[in-house]
Amino acid sequence: MTTFSISTRTSLTLAMLTGVTGFFLQLLLLPAPSTSLTFDQEIASLPAACQYLVKSYSVNCSRRGLTKIPSDIPLDTRRLSLSYNLLDQILNGSLGRLLELEFLSLRYNRIRLIDVGAFIGLPRLQTINLIGNNLTRIPSQVFHQNLYMTDLFLNSNRFRSIPSLDLRRHNYIKSIDLSNNTISSAKFNIALASGCNLTNVALIDNEIQLIDESDLENLRSANSVEFLDFSGNSLHRVNIASFQGVRIEGLQLQRSLLSQAGVRELFEGVRNSSHLTYLGLNGTNLGGVTKSVFAPLQGSQVTRLHLSASNISYLPDNVFSYLTNIDVLSLNKNPLKTISFVAFTNMTSAKSLYLSSCTISQLMTPQTPGTLMPQLFSLNLGNNNLVEIGPSAFVALPKLIYLDLSFNIIRHIASDAFAGLEHLENILLDNNNLIDAFSVNVFHNLPVLRVLDVSHSNINGLDPLRSFSGLTTLEELILAENPLRASDLWDSEKNVSVFRDMCNLRTLDLTGTILKDDIPSWGFEGLK
């Protein structure tokens, strides 16, 4: 990294272009004849001098106290940062003709005015970062010549409505971020190129209360909108026709004020969208949910539904029976306490279910093999209040591959707790209280178990004969931070190692265990 004044950098650029090297290049690095300072003295006396990264053609003018844009930025600059300065306006021609510029950061200045021709002469510009300024308006044609623009960041300004920008020639636009303004209307005033593909439109943390029927009309020009985010607004209502004709794939409405009636109306509107597959409603105050709330989602394209931290305290039987197409259901951080898996009956497509941090202390599961969510392969019950895992606790989940029971207070596990889980590969039981849970082999029903984590679980009793017998497929065993003794790993009377069957083990973690006695060299018998 080289530090110097911008005029010196221009000379260096010319030297590179003409192939000047060695002694002549050193001459070009000297100050201009008009100054009496040496080059080193000039650098020391110019704390506001910009920095240039030669390999990436980047100029960094951040945090220099600038009140105007330097006039002699090198013409070959590709990345320019003018962040954290005191700029209050971007005038016509102030950026010169930086024909190679691709990235421009003007974030956290005091910009209140941008002239309509401010970005003329920047034909390759892709990213424009204007986060953290004082903009209340912006000319509709201000990006008229920046046809390769992909990312526009206007968050944390003072917009009260979505600006009326003309992006009808911008086929490459991917991301538009207007979060953290004071926008009160969802009317999307930005005109888009027909057939463009938007990755992200963010309107997070504004003051929008209603999404009305015609608000998203301009988004109909887009071939797809991968993610539309209205999180953190004061949404009370979403018109049923809002999403009609808009090819939205993901919709985020976290921390809204939608009532149950409002959520149902939203679901009815979602049913009119043939493209929407992701719906995020985390932080919505749903309270006690009923089966009828989810009825409009029957037959919809939604496959991922997130309802975490939504104050759901009880799940009635069959409450999700209409969600036959859901792959992923997230209910983390709801005060459920007791969970009856009958609530998930008929969720025949579900593959991942998240129930972490729900203060669950009791599992009520069907005892009939294979009757519940037959395709489920991932279940997260971490960070709850489970004390024990009873007999055949998961027998109704025959395809389960991943089971997270970490950060509970589990003390007892029934000998056949994992019966019926012939496909289970990963069990996380770390950070529990498994003092004497492994006096018998609770894993004997798991023919393909690969990863077992029982670290930080206060285990002080393993039976070398039984605790892990038959685990020939195990590849990773985490026993760290448990008060183990040598006798837990090796039976000296029968000359048997607790690891004897683990012929495929790759990783064994005994970090922090307290091995009070010496372990003989053959104590790791079976490990290859």
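Residues numbered from 1 in each chain as written. Predicted model: local features only at pLDDT ≥ 70, side-chain atom pairs only at ≥ 80, totals over all residues. Heavy atoms only, no water.

Colleague: Looking at this structure, how should I read the overall build of the protein?
Modeller: When you go through the protein residue by residue, the secondary structure sums to five helices and 35 strands. By the compact-globule yardstick of 24 Å for 528 residues, the protein is too spread out, its C-alpha radius of gyration being 31 Å. Overall, the C-alpha framework of the protein stretches about 90 × 65 × 30 Å when taken along its three principal axes. For the protein, the proportion of its 528 residues judged to be buried stands at 50%. Counting only contacts in the protein whose residues sit at least 6 apart along the sequence, the fraction spanning at least 24 positions is 65%. Counting only carbon and sulfur atoms, one obtains 49% of the accessible surface of the protein, whose full area is about 23000 Å². Averaging the positions of the 40 positive and the 44 negative side-chain charges in the protein gives two centres separated by 9 Å. (Helix = DSSP H or I, 4+ residues; strand = E, 2+ residues; numbered from the N terminus. Rg over C-alpha atoms; globule rule 2.2 N^0.38 Å. Buried < 20%, exposed > 50% of the residue type's maximum accessible area, 1.4 Å probe, protein only. Contact = heavy atoms within 4.5 Å. Areas by Shrake-Rupley, 256 points an atom, 1.4 Å probe, with all protein chains shown as cover. Lys, Arg positive; Asp, Glu negative; His and termini not counted. Charge placed at Lys NZ, Arg CZ, Asp CG, Glu CD.)

Colleague: I keep staring at the state of the cysteines and nothing clicks. Help me out?
Modeller: Such a bond, covalent and formed between the sulfur atoms of two cysteines, is termed a disulfide. Per the counting criterion, the structure on display carries one disulfide. Two residues, Cys50 and Cys61, share a disulfide whose sulfurs are 2.2 Å apart. One quick way to see it: the torsion about the S-S bond of Cys50 and Cys61 is about 110 degrees, and its sign makes the bridge right-handed. A residue pair is termed long-range when its members are at least 10 positions apart, and Cys50 in the loop between helix 3 (39-44) and strand 2 (51-53) and Cys61 in the loop between strand 3 (58-60) and strand 4 (79-81) qualify at 11 residues. One exposure class covers both Cys50 and Cys61, and it is buried. (Disulfide = S-S within 2.5 Å.)

Colleague: Can you walk me through the packing of aromatic side chains in this structure?
Modeller: Two numbers describe a pair of aromatic rings. These are the distance of the centres and the angle of the planes. What the rule picks out here adds up to 14 aromatic pairs. Here Tyr84 and Tyr108 contribute two aromatic rings whose centre-to-centre distance is 5.3 Å and whose plane-to-plane angle is 15 degrees, an arrangement assigned as stacked. With a gap of 24 residues between them, Tyr84 in the loop between strand 4 and strand 5 (89-90) and Tyr108 in the loop between strand 6 (103-105) and strand 7 (113-114) connect regions that are remote in the sequence. Taking the relative accessible area as the measure of exposure, Tyr84 reaches 30% and is therefore partly exposed. Here Tyr108 falls in the partly exposed class, since its relative accessible area comes to 36%. Between Phe418 and Phe443, the aromatic rings sit 6.0 Å apart at their centres with planes inclined by 10 degrees, giving stacked as the arrangement. Note that Phe418 is positioned in the loop between strand 29 (412-413) and strand 30 (426-428) and Phe443 in the loop between strand 30 and strand 31 (451-453), a separation of 25 residues in sequence. Here Phe418 and Phe443 have matching classes, each one buried. (Phe/Tyr/Trp six-rings, centres within 6.5 Å; stacked < 30°, edge-to-face > 60°.)

Colleague: Would you mind showing me how to read unusual backbone geometry here?
Modeller: Across residues other than glycine, the phi torsion is negative in most instances, and most of the peptide bonds are trans. Unlike most non-glycine residues, Tyr84 shows phi in positive territory, near 55 degrees. Although it is not a glycine, His456 sits at a positive phi angle of roughly 55 degrees. Position of His456 relative to the elements: it lies in the loop between strand 31 and strand 32 (476-478). Judged by its relative accessible area of 43%, His456 is partly exposed.

Colleague: Help me understand the nonpolar core in this model?
Modeller: Note on soluble globular proteins: their nonpolar side chains tend to be buried together. One finds Phe344, Phe394, Phe418 and Phe443 to be the most contacted residues of the largest nonpolar core, which totals 145 residues. Not counting chain neighbours up to four residues away, the residues in contact with Phe443 comprise Phe418, Ile427, Leu429, Phe438, Leu449, Leu452, Ser467, Phe468 and Leu471. (Core = buried A, V, L, I, M, F, W, Y, C linked by side-chain atoms within 4.5 Å.)

Colleague: Got a minute to help me understand helix 4 (residues 260-270) in this structure?
Modeller: Each α-helix turn comprises 3.6 residues. Residues three or four places apart therefore point the same way. Within helix 4, burial applies to Gly262, Val263, Glu265, Leu266, Phe267, Gly269 and Val270. Residues of helix 4 that are buried in the fold lie against strand 18 (237-238), strand 19 (250-252) and strand 20 (278-280).

Colleague: Could you clarify how one ought to interpret the side chain of Asn157 in this entry?
Modeller: Looking at the element boundaries, Asn157 is found in the loop between strand 9 (151-153) and strand 10 (166-167). Among the residues examined, Asn157 registers a relative accessible area of 7% and is labelled buried. A distance of 3.0 Å separates a polar side-chain atom of Asn157 from the backbone oxygen of Leu130. Among the polar contacts made by the side chain of Asn157, one reaches the main-chain amide nitrogen of Asn133 at a distance of 3.3 Å. Leave out the neighbours within four places in its chain, and Asn157 touches Leu130, Ile131, Gly132, Asn133, Asn134, Leu135, Asn180 and Asn181. (Polar contact = N/O pair within 3.5 Å; in protein donor to acceptor, adjacent residues only side chain to side chain.)

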